[in-house]
Amino acid sequence: MTVNPGWGGQPFLHGMLKKVSRLRQIAPELLIEVDGGIDPGTLQQARRAGANVFVVGSYLLRSPSMRQAYGSLREACG
């Protein structure tokens, strides 16, 4: 979890990226999923840290255009 559990729309906890990086070092083949506070910017940060599965909720639901929001997330994936 990259937010405190409880409800949607919470801010991303950047301190969790250290844990993602460490886990990636230990298990390079592992699927590492991050859930919470994901938007194009935090997705890129989590991806650089080693995450490769992303759960996105509030960012998509709060965007005026879900299609454009999804496109920006795909772009952030590289």
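Located above this text is the structure these notes cover.
Residues numbered from 1 in each chain as written. Predicted model: local features only at pLDDT ≥ 70, side-chain atom pairs only at ≥ 80, totals over all residues. Heavy atoms only, no water.

Q: Please clarify how the packing of helix α1 (residues 16-26) against helix α2 (residues 40-49) should be interpreted in this entry.
A: Helix-helix packing is described using two parameters, namely the angle between the two axes and the distance between the axes. Interaxial distance between α1 and α2 falls to 8 Å at its minimum, and their mutual angle equals 35 degrees. Contacts between α1 and α2 involve Leu17, Val20, Ser21 and Arg24 from the first element and Gln45, Ala46 and Ala49 from the second. (Axes fitted to C-alpha atoms, helices over the stretch in contact; angles between N-to-C directions. Helix = DSSP H or I, 4+ residues; strand = E, 2+ residues; numbered from the N terminus. Contact = heavy atoms within 4.5 Å.)

Q: Explanation requested: the environment of serine 21 in the structure shown.
A: Here serine 21 lies in helix α1. Using a relative accessible area of 27% as the deciding quantity, one classes serine 21 as partly exposed. (Buried < 20%, exposed > 50% of the residue type's maximum accessible area, 1.4 Å probe, protein only.)

Q: How do you make sense of the nonpolar core when you look at a structure like this?
A: Among soluble globular proteins, nonpolar side chains are generally buried collectively. Grouped together as the largest cluster of nonpolar side chains are 14 residues, with contacts concentrated most on Leu17, Val20, Val34, Ile38, Leu43, Ala46 and Ala51. When contributions to this core are tallied by element, the ones reaching two or more residues are α1, α2 and α4 (66-76). Excluding anything up to four places from it in sequence, isoleucine 38 contacts Thr2, Phe12, Leu43, Phe54, Val55, Val56 and Tyr59. (Core = buried A, V, L, I, M, F, W, Y, C linked by side-chain atoms within 4.5 Å.)

Q: Would you explain α2 in this entry?
A: Every α-helix winds through 3.6 residues per turn, so residues three or four apart in the chain are directed the same way. When we look at burial in α2, the residues that qualify are Pro40, Thr42, Leu43, Ala46 and Ala49. Of the surrounding elements, those touching the buried residues of α2 are α1, β1 (33-35), β2 (53-55), α3 (58-62) and α4. Two or three places before glycine 41, at the opening of α2, aspartate 39 has a side-chain oxygen 2.9 Å from that residue's backbone nitrogen. Residue glycine 50 follows α2 closely and has a positive phi angle near 125 degrees. (Polar contact = N/O pair within 3.5 Å; in protein donor to acceptor, adjacent residues only side chain to side chain.)

Fair warning: the whole summary comes from geometry, so function is off the table for now.
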